[in-house]
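A structural walkthrough
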Amino acid sequence: MKYKSVFDIIGPVMIGPSSSHTAGAARIGRVARDLFGREPKWAAISFYGSFAKTYKGHGTDVAIVGGLLDFDTFDDRIKDSLKIAKQRKMKIKFNEEDAITDHPNTVRIAMGDEKDEMELAGISIGGGKIEIIELNGFVLRLSGHHPAILVVHNDRSGVIANVSNVLARHQINIGQMDVSRKEKGKLALMTIEVDQNLEQAVLDEISALPNIVQVSRIAD
C-alpha cells in the first residue's frame, strides 16, 4: 500500500480507537449515504472477519451508523449515533457473518426507504482508507477519498466515449475509471474518480446522453 503523505500513515482526525475499525467504517457509511442520495430509513449492516469479532469494542457499529447519518470521522456525535438514529426513526440491524472474505475488515450494507433500496460492500484498508468493492451486484473499486461519479448505463458502444467527452469539454480530469458489467449487452457501471467536484450541470449533461440510466455523485 502506497501512502501519499505522512498524514496517510498517521491516520485521520477521528473519534474512536482505531483508524481501520472506526474512521474507515465511518467513511464507508458516509459513502453509502452519498451514493443513496439521502438518509435511509433502514439499514442492515453485516460484518465479516475482524469486523465481526471486534465491532462492538472498537466502535465500528457506531461509526458505520454515524456515516449513514452524514457525520465525518471527527464528529463527536458519532459516539451517540445509535441513539440519534433511533431518534430519527432509522431502523438498524447488525449481523455477524461467518463467511470468509478476501479482506478481514469487510462490511456489507443493505439500506433503503419507501422509494428505493441499495446494497454495497466496503473494506477498511488501514489509516482510515477505504475501498467500495461492490454496488448492487456490480464489482468496482472506489476509494471514497476523491470526487467521483457512478454512471449506470446500457452496455452499448460509444457510451464511455460520450461520458469522457462531456468531462473533457468541462476540463475535468479523470484520475481513475473502471467499468463493470454483470452480463454482456445488459447494464454496466462506470466508476470515474476525478480531480475536482462536479457541478450539477455536468451531471445533468451526462444524464441526458443516450443509454444513460442513472448518475450518482460523491463529493470531496
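Residues numbered from 1 in each chain as written. Predicted model: local features only at pLDDT ≥ 70, side-chain atom pairs only at ≥ 80, totals over all residues. Heavy atoms only, no water.

What about the sheet that holds strand β2 (residues 91–96)?
Rules: At least two bridges found by DSSP between two strands are what make those strands a pair. In DSSP terms, a helix is any run of H or I states spanning at least four residues, a strand is any run of E spanning at least two, and both are numbered starting from the N terminus. The axes are straight lines fitted to the C-alpha atoms, using for helices just the contacting stretch, and the angles between their N-to-C directions are given from 0 to 180°. Contacts between residues were defined by any pair of non-hydrogen atoms, one from each residue, lying within 4.5 Å.
Spatially, six strands are ordered β2-β1-β3-β4-β5-β6 in an open sheet, and the strand pairing comes out mixed. Each edge of the open sheet carries a strand with a single partner, namely β2 and β6 (138–142). Averaged over all adjacent pairs, the angle separating strand axes in this sheet is 20 degrees, with direction ignored. Taken together, the seven bridges between strand β3 (residues 105–112) and strand β4 (residues 117–126) define a ladder with antiparallel strand orientation. Residue Gly 112 lies in a different strand from β4, and its bridge partner there is Glu 117. Contacts from helix α3 (residues 50–58) reach β1 (42–49), β2, β3 and β4, with the element oriented near 115 degrees to β1. Against the sheet, helix α4 (residues 60–68) contacts β1, β2 and β3, and its axis sits at roughly 140 degrees relative to β1.

Remarks on the UniProt feature "domain: ACT" (unreviewed entry) in the chain
The condition that has to hold: UniProt positions are given in the numbering used here, feature names are shortened, and annotations may be inferred rather than shown by experiment.
UniProt tags residues 148–220 as "domain: ACT" (unreviewed entry). Taken end to end, residues 148–220 comprises 26% helix and 41% strand; its first and last C-alpha atoms sit 8 Å apart.

A look at the packing of helix α6 (residues 159–169) against helix α7 (residues 200–207)
The geometry of a pair of packed helices is captured by two quantities: the angle between their axes and the separation between those axes. Test applied: Note on terminology: angles under 35 degrees are roughly parallel, angles over 145 are roughly antiparallel, angles of 65 to 115 are roughly perpendicular, and the others are oblique. By convention the crossing between two helices is left-handed if the near helix lies anticlockwise of the far one by an angle smaller than a right angle, and right-handed if it lies clockwise. Throughout, the ten residues Ala, Val, Leu, Ile, Met, Phe, Trp, Tyr, Cys and Pro are labelled nonpolar, Asp, Glu, Lys and Arg are labelled charged, and all others, Gly among them, are labelled polar.
With their axes 10 Å apart at the nearest point, α6 and α7 run at an angle of 155 degrees to one another. With respect to α7, the axis of α6 lies roughly antiparallel. Where α6 crosses over α7, the two elements pack in a sense that is right-handed. Mapping the contact onto sequence places Val 163, Val 166, Leu 167 and Arg 169 in α6 and Val 202, Glu 205 and Ile 206 in α7. Each residue belonging to the contact of α6 with α7 can be placed in one class, and the counts come to five nonpolar, no polar and two charged.

Points about the pattern of salt bridges
Heads up, the rule is: By definition, a salt bridge exists where a carboxyl oxygen of Asp or Glu is found within 4 Å of a side-chain nitrogen of Lys or Arg. Three exposure classes are used, based on accessible area relative to the maximum for each residue type with a 1.4 Å probe and protein chains only: buried under 20%, partly exposed in between, and exposed over 50%.
Taken as a whole and assessed by the stated rule, the structure comprises 11 salt bridges. Residue Arg 108 pairs with Glu 134 through a salt bridge whose shortest N-O separation is 3.0 Å. Separated by 26 residues along the polypeptide, Arg 108 in strand β3 and Glu 134 in strand β5 (residues 129–135) bring together distant segments of the chain. Judged by its relative accessible area of 23%, Glu 134 is partly exposed.

Re unusual backbone geometry
Negative phi characterises most residues that are not glycine, and trans characterises most peptide bonds. A positive phi angle, near 65 degrees, is found at Lys 89, a position not held by glycine. Inspection of the secondary structure assignment puts Lys 89 in the loop between α5 (81–87) and β2. The phi dihedral of Asn 211 is positive, around 70 degrees, even though this residue is not glycine. Relative to the elements of secondary structure, Asn 211 occurs in the loop between α7 and β10 (212–218).

What to know about the sheet that holds strand β9 (residues 187–194)
Spatial strand order, β8-β9-β7-β10: four strands in an open sheet with antiparallel pairing. With partners counted over all chains shown, the strands left at the sheet margins are β8 (174–181) and β10, one partner each. Geometrically, the sheet is characterised by an average inter-axis angle of 15 degrees between neighbouring strands, direction not taken into account. In terms of strand pairing, strand β7 (residues 148–154) meets β9 through seven bridges, oriented antiparallel. Across the sheet, Ile 149 pairs through a bridge with Ile 192, a residue of β9.

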